[in-house]
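What follows is the residue order along each chain.
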Amino acid sequence: MNYVYFFGAGKAEGDGSMKDLLGGKGAGLAEMTRIGLPVPAGFTITTECCDYYLKHDLKYPKSLRAEVEKNLARLEKATRKKLGDAKDPLLVSVRSGSARSMPGMMETILNLGLNSKSVEALARNTKNERFAWDAYRRFVQMYSSVVIGLPKEELEERLRKMKAGRGVKDDTQVPAEGWRELVAAYKEYFKSKTGKAFPEDPEEQLWGAIGAVFGSWNAEKAVTYRRVERITGLLGTAVNVVQMVFGNTGDNSGTGVCFTRDPSTGEKIFYGDFLINAQGEDVVAGIRTPMHLSEMAARMPKVYKQLEKVRQLLEKHYRDMQDMEFTVEEGTLYMLQTRVGKRTPAATFEIAVDMAKEGLISKEEAIERIKPEDIDRLFYPIVDPSTARADLAKRKVAAGINAVPGAAVGKAVFSAEEAEAMVHRGEKVILVRRETSPEDVGGMFVAQGILTATGGKTSHAAVVARGWGKCCIVGCEELDIDYGMKVAHANGKAFRQGDWITLDGNDGVVYQGQVKLSTPELPEAFSTLMGWADSIRKLHVRTNADTPHDAQKALEMGAEGIGLVRTEHMFFKDFEFPEKSIERQLAIQEMIIADSSIARKKALDKLLPYQRRDFIGIFKVMDGFPVTIRLIDPPLHEFVPHEPEKQRELAAKIGVDVDVIVRRVEQLHEANPMLGHRGCRLAITFPEILEMQVRAIIEAAIECKKAGIKVIPEIMIPLVMDKKELQILTDRTNQVAQEVIRETKVKLEYLVGTMIEIPRAALLADEIAEVAEFFSFGTNDLTQMGMGLSRDDAGRFLPEYVDEKKAGIFSDDPFQTLDIHGVGLLIRWGIERGRSVRPKLEIGICGEHGGDAASVKFCHEVEMDYVSASPFRVPIARLAAAQAVIEERAARKSRGKKKGKM
Ligand code: PEP
Ligand code: MG
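If you're wondering where the values come from, they're calculated on a predicted model, not measured in any experiment.

## Let's talk about the overall build of the chain
Consideration 1: Across its full length, the chain carries 36 helices and 34 strands.
Consideration 2: Each principal axis of the C-alpha atoms in the chain carries an extent, and together these give about 105 × 70 × 55 Å.
Consideration 3: By the burial criterion, 56% of the 902 residues in the chain qualify as buried.
Consideration 4: In the chain, of all internal contacts separated by at least 6 residues, the share reaching a separation of at least 24 is 68%.

Structure (structure tokens):
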């Protein structure tokens, strides 16, 4: 096996495609060498070697020593210098570099090869004693801390002492003598700590550095970074041993970092920083203020021209924006690194669209370059990127599940009522609850963000917040909330009601205080690219919306109809007349509490006008698009009052004794409410509920039709498990609808269909399809019941199932990304069976998965007609649907090619 790959003098053994093996840096250096760019010579030790080293008790593979020696000899030949030579020494850098960029997480050692002899040679050859000794002290300093692990502060302390002794403030004022003195002090410290002299032998130095770089793969900060960035499946880091070039030999030298386009806006301008007479670390450390490239153009016109050429060449070659590091040594340009540049979400769109327009990439490639997170991050406020990491670390209180992205700042408040009161007084709040229930919706709505200690990504808080695009963190189990004392504790920190806190819904982290947020502006390129996606995709994209307001938002996001109106959600809040919210909540509670059909009818009569008004509002917004309205599906426990005060309020409102309410709440108690008397089971036992809802839908539709609005109502029956059950309810639905149509004498087309969300319904889909005119897969419940995982409680242990470092049973949370392997089978079966009876059966999905890119691609594959996503996820679904088509075409093409070869 080959563990080392050489590059230099215009030739390279590796190339740009070998990122996994050579790391991003190694592959980039090899590729740049191949295409004739000025790159210092060197060699890369592979990530496979790192893997071996870490798995074999920090021992190298047997063949490595010989390979390194051979390549070192090649390097010496190519540079005509020798490592450690007393006349013309070769100096090298030893740098990490894995397949995925992990900035600053792993180690680097510069100026390796210096010792007490070669430093004198360097001084002589460069005629710059100060430079040579500065290089040497940097090396001794880095080696001592990185390879040996001596504390940085102790070394820094000696630097400070030396400067103080000489009465100088800046490093640039230190004379050669000062650096000599410091090297001696470092060496003395080194000996006192290790019992050995600082290594003079450059090969010993080299092996020490190689081991340290490999070892840094498992340093705590690197491990944490990979966890946070979800970087998995890599072997380790490569090691790049590269000839040193110096940007700090005088005013004809320098070093810089540049991007082929502006990484914040995406604009096609050459963007970067340059420092005269400096080493790379000086740019990164931000000690001196660098000059803009335009200034470099004036100061070093020849080199700048050359750099501009490199810029064009590299972008053409890689067909993407590049982030490059370079050094100028005595007027000669050297490229030290190139990689695909990180960019803001706005720039991601701008660059993809511009490059497609320039003909550098195809429209399909532009679409493929956008990730779901890029879209997410476009719409939500984010923690300002300029915020110092150290500041964030200090403020961090706890972390939970990042249910809805974005960021929010507000004063903590522990009850929904107080949240509303505080907002009424003009304050901004974050609602903090152990969990939320429909009673909290008013407070949730006015809050900047929502934080719960329990629950997963389909818990009440998450689903409701997602619909509004409101930052939400759930399952923050570390948080110990004391409602009585109005305080929350976690990890030795606390916040009380009224204290400022900040939620970062992207990472699921809670911070103390007000962290600065910023909102990215929606770039024009976004709509251009989404337009391209729309012209490619086959899936339609609808939305889950329960109010005209949400429907309008979804329309702006590109929704082509509504795939799910959860009618029980309509009783949380009156968006048009907020003061009527309480009345609505009481009316639905009255209906649920009712213990006779007369009492129920009385309550239903109160609900009907609310429902009709809401439906009219939604139909108006969705003029010309289908609207799927689901009949009521309230898990009863969520809708009855549990607190004595609320129970008294309801008793007074409907004129019964409070004991009646208490008894009824007890009666309604279910051990497993999610498997209880909910969904269409309610309509089987209390048909009057269905009758009221169907009447409200059809009356609203007819009123809209009369007003010239094109209405396409689809009435959806939830939680169906049997054909006969569906038949009874469909018959009743048709009877009521026809009654209204007869009464009003207005012709109206409508569909009656069902959700497929119980595994039995999926299994018997052919029977169900004999009655249903459409299917909508309710994958929240289908996942819950298919996997036997409680939607409300699984968040407590699911992380163990998903964490690669723990059980790692699933790669994703199945409530977020469809379990294609298992639950997906129920869907495939259901679709095949359903369409075997009714070939044109309209099929969609309305579980949370409808807004998840990977799940949407599956929906395309199984030939659904549409997916339905919460408003803010509509663009993600549009994009994923287009990507599904592009990926399908590519797969077909590659299959065709393979066949052709056989
Ligand atoms: C579902 O179960 O997927 C669904 C959309 O219904 P709900 O989340 O309201 O149960
Ligand atoms: Mg459901």
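## Brief notes about the pattern of salt bridges
Consideration 1: The tally for this structure, following the rule as stated, stands at 60 salt bridges.
Consideration 2: Across the pair Arg537 and Asp534 runs a salt bridge, and its minimum N-O distance is 2.9 Å.
Consideration 3: Judged by its relative accessible area of 28%, Asp534 is partly exposed.
Consideration 4: Between Asp633 and Arg630 there is a salt bridge, with the nearest N and O atoms lying 3.9 Å from each other.

## Some words on the environment of Ser144
Consideration 1: By secondary structure assignment, the location of Ser144 is in helix α5 (residues 129-148).
Consideration 2: The spacing of Ser144 and Thr265 is 121 residues in sequence and 41 Å in space, taken between C-alpha atoms.
Consideration 3: Leave out the neighbours within four places in its chain, and Ser144 touches Gly149, Leu150, Leu155, Phe190 and Phe198.

## Brief notes about the coordination of the magnesium ion (ligand 2)
Consideration 1: Coordination of the magnesium ion (ligand 2) by the protein comes from Glu757 (OE) and Asp781 (OD), over a distance range of 2.0 to 2.1 Å. Of this pair, Glu757 sits in the loop between β31 (751-756) and α30 (759-763) while Asp781 sits in helix α32 (residues 779-787), placing them 24 residues apart in sequence.
Consideration 2: Using a relative accessible area of 2% as the deciding quantity, one classes Glu757 as buried.

## With respect to the sheet that holds strand β22 (residues 487-490)
Consideration 1: Ordered in space as β21-β22-β23, the three strands form an open sheet in which the pairing is antiparallel. This sheet does not close on itself; its edge strands, each paired only once, are β21 (480-482) and β23 (493-496). Neighbouring strand axes in the sheet, compared pairwise and without regard to direction, differ in orientation by 15° on average.
Consideration 2: In this sheet, β22 lies alongside β21 in antiparallel orientation, the contact comprising three bridges. Directly across from Asp482, in β22, lies its bridge partner Val487.

## Things to note about the sheet that holds strand β24 (residues 500-504)
Consideration 1: Reading across the sheet, the eight strands line up as β15-β25-β24-β17-β18-β19-β20-β16 and stay open at both edges, with mixed pairing between neighbours. Single-partner strands in this sheet number two, and they are β15 (396-399) and β16 (401-404). For this sheet, the mean inter-axis angle between neighbouring strands, taken without regard to orientation, is 30°.
Consideration 2: Where strand β17 (residues 407-413) lies against strand β18 (residues 429-433), three bridges are found, and the strand directions are parallel. Across the sheet, the residue bridging to Lys411 is Val429, located in β18.

## Some words on a nonpolar patch on the surface
Consideration 1: Among the surface-exposed residues, Phe797, Tyr801 and Ile809 lie close enough to one another that they form a single nonpolar patch of about 260 Å² accessible area.
Consideration 2: Within the fold, Tyr801 resides in helix α33 (residues 798-802).

## Structural notes on unusual backbone geometry
Consideration 1: Backbone geometry places Arg319, a non-glycine residue, at a positive phi of 55°.
Consideration 2: You can see Arg319 is positioned in the loop between α12 (301-318) and β12 (322-329).
Consideration 3: The phi dihedral of Lys486 is positive, around 55°, even though this residue is not glycine.
Consideration 4: Residue position: Lys486 is located in the loop between β21 and β22.

## A few points about the pairing of β31
Consideration 1: Counting buried positions over the six residues of β31 gives five, a clear majority of the element.
Consideration 2: In this sheet, β31 lies alongside strand β30 (residues 712-717) in parallel orientation, the contact comprising four bridges. What sits directly across from Ile717, in β31, is Thr754.
Consideration 3: Viewed along the sheet, the connection from β30 through helix α29 (residues 723-744) into β31 turns out right-handed.
Consideration 4: By the bridge criterion, three bridges tie β31 to strand β32 (residues 774-777) in an arrangement that is parallel. Bridge pairing in β32 places Ile756 opposite Phe777.

## Description of the site of ligand 1
Consideration 1: Taken together, 13 residues form the shell around ligand 1, and within it Arg566, Arg630, Gly778, Asn780 and Arg791 come nearest.
Consideration 2: Contacts to ligand 1 include Arg630, whose side-chain N or O atom sits 2.9 Å from an oxygen atom.
Consideration 3: Thr779 places a polar main-chain atom, nitrogen or oxygen, 3.0 Å from an oxygen atom of ligand 1.
Consideration 4: For ligand 1, whose unbound accessible area comes to 290 Å², protein coverage reaches 95%.
Consideration 5: Listed by contribution, the elements that provide at least two residues to the shell around ligand 1 are β28 (562-566) and α32.
Consideration 6: Per element, the largest residue contribution to the shell around ligand 1 is three residues, and it comes from α32.

## Quick notes on the layout of surface pockets
Consideration 1: By volume, the second largest pocket amounts to about 1400 Å³.
Consideration 2: What lines the second largest pocket is a set of 46 residues, among which Glu435, Thr436, Ser437, Pro438 and Asp440 lie closest to the centre.
Consideration 3: Among the elements of the structure, α17 (416-424), α19 (460-468), α22 (581-593), α24 (636-639), α25 (644-654) and α32 are those that each provide at least two residues to the lining of the second largest pocket.
Consideration 4: Along the lines of polarity and charge, the residues of the lining of the second largest pocket split into 13 nonpolar, 17 polar and 16 charged.

## Side note on the nonpolar core
Consideration 1: Core analysis: the largest hydrophobic core is formed by 152 residues, its most contacted members being Leu529, Phe619, Ile698 and Met864.
Consideration 2: Beyond its immediate sequence surroundings of up to four residues, Ile698 is in contact with Ile715, Ala737, Val740, Ile741, Leu748 and Tyr750.
Consideration 3: Within the second largest apolar cluster, 65 residues are counted, among which are Leu83, Leu90, Tyr189 and Phe198.

## Focus on the pairing of strand β7 (residues 108-112)
Consideration 1: By the criterion of burial, β7 is predominantly enclosed, with four of the five residues buried.
Consideration 2: Pairing analysis gives three bridges linking strand β6 (residues 92-97) to β7, with the strands arranged antiparallel. What sits directly across from Val92, in β7, is Leu112.

## Structural notes on the environment of Gly10
Consideration 1: Mapped onto the fold, Gly10 is located in the loop between β1 (4-8) and β2 (11-12).
Consideration 2: Considered as a pair, Gly10 and Thr33 are 23 residues apart in the sequence and their alpha carbons are 5.3 Å apart.
Consideration 3: Among all residues touching Gly10, those that are not within four sequence positions of it are Thr33 and Arg34.

## As for the environment of Ala683
Consideration 1: The residue Ala683 is located in helix α27 (residues 680-685) in this model.
Consideration 2: Each C-alpha atom, one on Ala683 and one on Leu729, is 7.4 Å from the other, the two residues being 46 residues apart in sequence.
Consideration 3: Look past the residues within four positions of Ala683 in its chain and what remains in contact with it is Leu690 and Leu729.

## Notes on the side chain of Asp374
Consideration 1: The topology assignment puts Asp374 in helix α15 (residues 372-379).
Consideration 2: Since its relative accessible area comes to 5%, Asp374 is described here as buried.
Consideration 3: Those residues in contact with Asp374, other than ones at most four positions away along the chain, are Pro345, Thr348, Phe349 and Arg369.

## Side note on the packing of aromatic side chains
Consideration 1: A full pass over the atoms with the stated rule returns 20 aromatic pairs.
Consideration 2: Ring geometry for Tyr53 and Phe214: centres 5.5 Å apart, planes at 45°, overall tilted. In this pair, Tyr53 is assigned in helix α2 (residues 47-55) and Phe214 in helix α8 (residues 202-215), connecting sequence segments 161 residues apart.
Consideration 3: The buried category is assigned to Tyr53, whose relative accessible area is 8%.
Consideration 4: Relative to Tyr801, the ring of Phe797 has its centre 6.1 Å away and its plane inclined at 70°; by these criteria the two rings are edge-to-face.
Consideration 5: Since its relative accessible area comes to 36%, Phe797 is described here as partly exposed.

Cut-off values and rules
Residues numbered from 1 in each chain as written. Chains lettered and ligands numbered in written order. Predicted model: local features only at pLDDT ≥ 70, side-chain atom pairs only at ≥ 80, totals over all residues. Heavy atoms only, no water. Helix = DSSP H or I, 4+ residues; strand = E, 2+ residues; numbered from the N terminus. Buried < 20%, exposed > 50% of the residue type's maximum accessible area, 1.4 Å probe, protein only. Contact = heavy atoms within 4.5 Å. Salt bridge = Lys/Arg side-chain N within 4 Å of Asp/Glu carboxyl O. Donors = N, O, S within 2.8 Å, 3.2 Å for Na, K, Ca; no water. Pairing = 2+ DSSP bridges. Axes fitted to C-alpha atoms, helices over the stretch in contact; angles between N-to-C directions. Patch = residues over 30% accessible without salt bridge, like charges linked within 9 Å, V, L, I, M, F, W, Y side chains within 5 Å. Areas by Shrake-Rupley, 256 points an atom, 1.4 Å probe, with all protein chains shown as cover. Right-handed = clockwise from strand over helix to strand, strands pointing away. Near = heavy atom within 4 Å. Polar contact = N/O pair within 3.5 Å; in protein donor to acceptor, adjacent residues only side chain to side chain. 1 Å grid on protein atoms, 1.4 Å probe; cavity = no way out; pocket = protein on both sides within 12 Å on 5 of 7 lines; lining within 4 Å. Points joined across faces, edges and corners; volume = space filled by probe spheres on them. Nonpolar A, V, L, I, M, F, W, Y, C, P; charged D, E, K, R; others polar. Core = buried A, V, L, I, M, F, W, Y, C linked by side-chain atoms within 4.5 Å. Phe/Tyr/Trp six-rings, centres within 6.5 Å; stacked < 30°, edge-to-face > 60°.

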